[in-house]
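Chain residues, written in single-letter form:
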Amino acid sequence: MDKINIPSVEVTIVYHCINRCCACNHFTIFHDPFCVDMKVFKDDLDDMSKIATVDKFSLIGGEALLHPQIVELL
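Conventions we followed
Residues numbered from 1 in each chain as written. Predicted model: local features only at pLDDT ≥ 70, side-chain atom pairs only at ≥ 80, totals over all residues. Heavy atoms only, no water. Helix = DSSP H or I, 4+ residues; strand = E, 2+ residues; numbered from the N terminus. Buried < 20%, exposed > 50% of the residue type's maximum accessible area, 1.4 Å probe, protein only. Contact = heavy atoms within 4.5 Å. Areas by Shrake-Rupley, 256 points an atom, 1.4 Å probe, with all protein chains shown as cover. Lys, Arg positive; Asp, Glu negative; His and termini not counted. Charge placed at Lys NZ, Arg CZ, Asp CG, Glu CD. Patch = residues over 30% accessible without salt bridge, like charges linked within 9 Å, V, L, I, M, F, W, Y side chains within 5 Å. Salt bridge = Lys/Arg side-chain N within 4 Å of Asp/Glu carboxyl O. Polar contact = N/O pair within 3.5 Å; in protein donor to acceptor, adjacent residues only side chain to side chain.

Colleague: Explain the overall build of the protein chain to me, using residue names and the numbers behind them.
Modeller: Along its length, the protein chain carries two helices and two strands. The N-to-C order of helical and strand elements in the protein chain reads β-α-β-α. The dimensions of the protein chain, computed from C-alpha atoms along their principal axes, are 45 × 25 × 20 Å. Here the protein chain holds 74 residues, and 23% of them are scored as buried. The contacts of the protein chain with a sequence gap of at least 6 include a subset with a gap of at least 24, amounting to 71%. On the protein chain, roughly 5,600 Å² of surface is accessible, and the fraction owed to carbon and sulfur atoms is 58%. Side-chain charges of the protein chain comprise 6 positive and 11 negative groups, with the mean position of each set lying 2 Å from the other.

Colleague: Talk me through a nonpolar patch on the surface; I want residue IDs and the actual numbers.
Modeller: Residues Phe27, Ile29 and Phe30 make up a contiguous nonpolar surface patch of roughly 390 Å² in combined accessible area. Along the polypeptide, phenylalanine 30 turns up in the loop between β1 (4-14) and α1 (38-51). Of the residues examined, phenylalanine 30 reaches a relative accessible area of 63% and is grouped as exposed.

Colleague: Go over the pattern of salt bridges, please, and point to the residues and values.
Modeller: Enumeration according to the criterion identifies three salt bridges in this entry. Between aspartate 46 and lysine 42 there is a salt bridge, with the nearest N and O atoms lying 2.9 Å from each other. Within this pair, aspartate 46 and its partner lysine 42 are both found in helix α1, separated by four residues, close to a single helical turn. Taking relative accessible area as the criterion, aspartate 46 reaches 32% and is therefore assigned partly exposed.

Colleague: Summarise the side chain of histidine 16; cite the residues concerned and give the values.
Modeller: For histidine 16, the position within the fold is in the loop between β1 and α1. Polar side-chain contacts of histidine 16 include one of 3.2 Å to the backbone nitrogen of phenylalanine 34. Other than its neighbours up to four places away in sequence, histidine 16 contacts Thr28, Asp32, Pro33, Phe34, Cys35, Gly62, Glu63 and Leu66.

The structure is reproduced here in structure tokens:
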């Protein structure tokens, strides 16, 4: 089976942020702190890799660097 090609994928790994940037469109001031679970993240990527290839993959969020396991996610 041929895999589909996806030009770009963005995964939100956190919803919260410590900044209050005036141009932010993520509504971070309204979210409670949330960090994606490492196992869920890995399982989702494993599932996606079975059916698709991705040219550009980005980790985003309120402030993605606030995730306590950012190094492992990268």
